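In case you want the letters, here they are:
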Amino acid sequence: MKINTKALAILAGLTVGMSSTAFAATADSFTDVPKDHWSYQALDYLAKEGVIEGMGDSTFQGSRAMTRYEMAAIVAKAMQKNDISFGDKAVLDKLSAEYANELGTLKNQVNKNTNDINDLKNKTDKFKVWGMARVQTGDDNGLVKDGHQGTYNNRFYMDLEGSMKVNDHATARFTIEKNAHYRDSEYAVSKIPKHVTVPTGQGYKNEGQTITTKNYISGIDKDSLLGDDNHNGSISNIWVELQLGPQHNWYTNIGRKWNGLGMQNLMWGGQEDGIATYHPIEGGHGWWMSAQYWKPSSDWTDTNVEWTKDKDGNAVANAVAATHRAPILGTLNFWGPLGKYIDANIAYSRVVQHQKDSNKDGGDYGYWTGAKNFWGADLKVKLLKDLSVTGSYVKSDVDMSKQSWANGGHADRDWAVRIDYKGTDLNKVGSWGAYAKWMNLGCMGDIGHDDEWATREPTYVNGVKGWYYGFKMVPWQNCEWETMWAPHLTENQSQPSNSYKRHILRSWLDFHF
């Protein structure tokens with residue numbers, strides 16, 4: 001080992017100089033160290049050696065007196081270095097002996113600060129919030145004002161998501177969504193009015209007269225706590241994420257949350273209540289499976305006016321309501337790679353329970369069409385480095401002979417093909433992507449598809465067919481701009497007598513946080 005001769009000379013002087021002070025650390029550690037103390041000479045030497053940073057004047061601190069704690073802090077920092085000579089280490093050892101008490105106190109304080117920081121980090125890690133805000137504008141002839149069901153055109157939107165850590169294998173989650181529509185003319189108020197006109201030609205003596213209903217039902221469809229339960233700024237989803245099993249690799253969700261089945265969410269895409277578990281298949285070469293027991297959370301109530309006659313033959317208007325009940329389903333799903341460039345997904349769902357609600361006039365208000373089984377398959381192929389094609393197919397076992405109104409053909413199945421070129425990365429300004437999608441969705445082929453809510457939205461139409469095209473890019477970090485164009489969609493295509501052409505041009509800017 002190479003010995004620094006200058007260090008030996010310093011050590012010889014220090015040995016004499018420290019004979020009366022080496023163990024004087026019991027003195028007030030906040031008082032100045034005398035300027036003639038040997039520690040200054042040692043620090044000047046270490047500064048010249050590059051072990052510690054000096055002041056550029058061949059000394060460590062010039063003529064300024066230092067406290068024992070300042071000395072100890074400098075020594076502690078220097079002791080963290082590994083690549084120092086034998087002589088330099090010997091000088092540091094002498095200094096550490098001189099300031100042993102102060103170094104011990106500093107170490108305890110550092111440990112306490114570290115524990116406090118870790119404790120604070122653990123507490124802050126237990127609660128996390130993220131999401132995005134959207135500004136959206138567009139032109140759409142399928143809105144409420146046009147006599148249809150669309151409501152997602154010109155709006156401000158926010159999706160706020162949060163997680164609360166329970167322990168290492170359990171997390172509570174929630175989402176809050178808000179739609180703020182800024183063109184009132186696009187949206188209507190739906191209600192059964194308090195004043196109604198008696199229909200004619202049905203034998204009522206007071207036909208054609210305006211009368212008052214015995215009760216009336218109203219609901220506001222725009223920016224209302226009652227009109228849009230999932231997008232009104234209240235908590236829309238609540239669930240718990242668990243990691244179960246000996247290896248904690250049964251990833252399980254319990255509660256209400258948004259979920260999708262299939263690569264393009266054709267079999268199902270929406271809010272649901274229930275339990276779902278996801279598990280990597282052992283020896284499955286990257287394949288996963290999931291099992292779910294769930295119910296769509298989309299029950300809704302239809303309201304209408306029921307006419308009866310009083311004892312004098314006059315019409316009496318009564319408000320009636322019947323609830324559309326969603327069924328309870330069981331689902332199995334498998335997905336994974338079929339080689340380097342192909343991914344696949346297969347899913348099966350079965351209705352295991354379905355309660356229907358009927359009003360007293362005998363109307364059947366079941367949510368589904370009698371279908372019990374749903375099958376789905378998806379295939380995604382990467383044709384080139386930046387080009388992929390995804391195909392999806394879903395079919396149900398609905399008895400079409402009992403659904404004569406849906407005479408548009410193939411109302412019991414869904415098809416969709418999507419082409420993607422490149423894609424965006426929120427951390428890469430200037431990244432971009434383009435896509436095109438063709439779809440032919442029957443009105444009874446799925447449980448409740450989500451045809452890209454970000455671009456269209458579920459409109460409760462009886463089938464939709466056509467192309468839409470999109471382009472997106474990242475103009476600034478964590479900001480994504482997207483524009484979608486659907487020039488010739490056919491909606492209600494499963495019921496041709498009520499079909500219409502829908503065109504959409506929509507653009508939005510998302511701010512992610």
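Residues numbered from 1 in each chain as written. Predicted model: local features only at pLDDT ≥ 70, side-chain atom pairs only at ≥ 80, totals over all residues. Heavy atoms only, no water.

## With respect to the packing of aromatic side chains
Phase 1 of the analysis: Counting across every chain of the model gives 14 aromatic pairs.
Phase 2 of the analysis: Where Tyr348 meets Trp375, the ring centres are 6.1 Å apart and the plane angle is 40 degrees; that geometry is what we call tilted. With Tyr348 in strand 15 (residues 342–353) and Trp375 in strand 16 (residues 373–384), the pair connects residues that are 27 residues apart, well separated along the chain.
Phase 3 of the analysis: The interplanar angle of 35 degrees and the centroid separation of 6.0 Å between the aromatic rings of Tyr469 and Trp485 together place this pair among those described as tilted. One end of the pair, Tyr469, is in strand 20 (residues 464–476); the other, Trp485, is in strand 21 (residues 479–491), and 16 residues separate them in sequence.
Phase 4 of the analysis: On the accessibility criterion, Tyr469 (33% relative accessible area) is partly exposed.
Phase 5 of the analysis: With a relative accessible area of 46%, Trp485 lands in the partly exposed category.
Phase 6 of the analysis: An aromatic cluster is present here, built from Tyr251, Tyr278, Trp288 and Trp335 joined pairwise through their rings.
Phase 7 of the analysis: Taking NZ or CZ as reference, Lys257 lies 5.4 Å from the ring centre of Trp239, over its face.
Phase 8 of the analysis: Here Arg418 stacks its cationic end above the ring of Tyr435, 4.3 Å away from the centre of that ring. (Phe/Tyr/Trp six-rings, centres within 6.5 Å; stacked < 30°, edge-to-face > 60°. Helix = DSSP H or I, 4+ residues; strand = E, 2+ residues; numbered from the N terminus. Buried < 20%, exposed > 50% of the residue type's maximum accessible area, 1.4 Å probe, protein only. Lys NZ or Arg CZ within 6 Å of the ring centre and 35° of its normal.)

## Focus on a nonpolar patch on the surface
Phase 1 of the analysis: Taken together, the side chains of Phe127, Val129, Met158, Met164 and Phe513 present a nonpolar region at the surface, about 440 Å² in accessible area.
Phase 2 of the analysis: Broken down by secondary-structure element, the contributors of at least two residues to the nonpolar patch are strand 1 (127–140) and strand 2 (155–167).
Phase 3 of the analysis: Mapped onto the secondary structure, Met164 falls in strand 2.
Phase 4 of the analysis: Judged by relative accessible area, which is 31%, Met164 ranks as partly exposed. (Patch = residues over 30% accessible without salt bridge, like charges linked within 9 Å, V, L, I, M, F, W, Y side chains within 5 Å. Areas by Shrake-Rupley, 256 points an atom, 1.4 Å probe, with all protein chains shown as cover. Salt bridge = Lys/Arg side-chain N within 4 Å of Asp/Glu carboxyl O.)

## Observations concerning the packing of helix 4 (residues 86–98) against helix 5 (residues 100–125)
Phase 1 of the analysis: Viewed as axis vectors pointing N to C, helix 4 and helix 5 meet at an angle of 80 degrees, and their least axial separation amounts to 5 Å. One finds that helix 4 runs roughly perpendicular with respect to helix 5. Each of Ser96, Ala97 and Glu98 in helix 4 lies in contact with helix 5, whose residues at this interface are Ala100, Glu102 and Leu103.
Phase 2 of the analysis: For the contact of helix 4 with helix 5, the per-class residue count stands at 3 nonpolar, 1 polar and 2 charged. (Axes fitted to C-alpha atoms, helices over the stretch in contact; angles between N-to-C directions. Parallel < 35°, antiparallel > 145°, perpendicular 65-115°, else oblique. Contact = heavy atoms within 4.5 Å. Nonpolar A, V, L, I, M, F, W, Y, C, P; charged D, E, K, R; others polar.)

## Side note on unusual backbone geometry
Phase 1 of the analysis: Despite not being glycine, His248 shows a phi value in the positive range, around 55 degrees.
Phase 2 of the analysis: Mapped onto the secondary structure, His248 falls in the loop between strand 8 (232–244) and strand 9 (250–261).
Phase 3 of the analysis: Note on His248: relative accessible area 30%, which makes it partly exposed.
Phase 4 of the analysis: Of note in the backbone geometry, His285 takes a positive phi value of approximately 55 degrees without being a glycine.
Phase 5 of the analysis: Along the chain, His285 turns up in the loop between strand 10 (268–280) and strand 11 (288–296).

## Side note on helix 2 (residues 38–49)
Phase 1 of the analysis: Spanning 12 residues, helix 2 covers 17 Å between terminal C-alpha atoms, matching the ideal 16 Å at 1.5 Å per step.
Phase 2 of the analysis: Among all positions of helix 2, only Trp38, Ser39, Tyr40, Ala42, Leu43, Tyr45, Leu46 and Ala47 are buried.
Phase 3 of the analysis: Directly after helix 2, the chain includes Gly50, whose backbone phi takes a positive value near 85 degrees. (Expected span 1.5 Å × (residues − 1).)

## Some points on the nonpolar core
Most often, soluble globular proteins have nonpolar side chains that are buried together.
Phase 1 of the analysis: Ranked by internal contacts, the top residues of the largest apolar core, which has 27 residues, are Met267, Phe374, Met439, Ile447 and Met484.
Phase 2 of the analysis: Elements with a minimum of two residues in this core: strand 15, strand 19 (432–441), strand 20, strand 21 and strand 22 (500–512).
Phase 3 of the analysis: Counting residues in hydrophobic clusters, the runner-up holds 22 residues, among them Leu46, Val75, Ala78 and Tyr99. (Core = buried A, V, L, I, M, F, W, Y, C linked by side-chain atoms within 4.5 Å.)

## Some words on the pairing of strand 18 (residues 413–422)
Phase 1 of the analysis: Relative to strand 18, strand 17 (residues 387–396) runs antiparallel, the two sharing 9 bridges. Along strand 18, the bridge assignment pairs Leu387 with Tyr421.
Phase 2 of the analysis: Here strand 18 pairs with strand 19 via 9 bridges, running antiparallel. Residue pairing in the sheet places Arg418 in a bridge with Lys437 of strand 19. (Pairing = 2+ DSSP bridges.)

## Let's talk about the environment of Ser234
Phase 1 of the analysis: Mapped onto the fold, Ser234 is located in strand 8.
Phase 2 of the analysis: Considering only alpha carbons, one finds Ser234 and Glu177, 57 residues apart in sequence, at a separation of 7.0 Å.

## A few points about the pattern of salt bridges
Phase 1 of the analysis: By the definition in use, this model includes 16 salt bridges.
Phase 2 of the analysis: The salt bridge partner of Arg68 is Glu102, with a shortest N-O separation of 3.1 Å. Placement of the pair is Arg68 in helix 3 (residues 68–78) and Glu102 in helix 5, with a sequence separation of 34 residues.
Phase 3 of the analysis: Relative accessible area serves as the criterion here: at 1%, Glu102 is assigned to the buried category.
Phase 4 of the analysis: Three or more residues joined by partner-sharing salt bridges are found here, namely Asp140, Glu491, Arg502 and Arg506.

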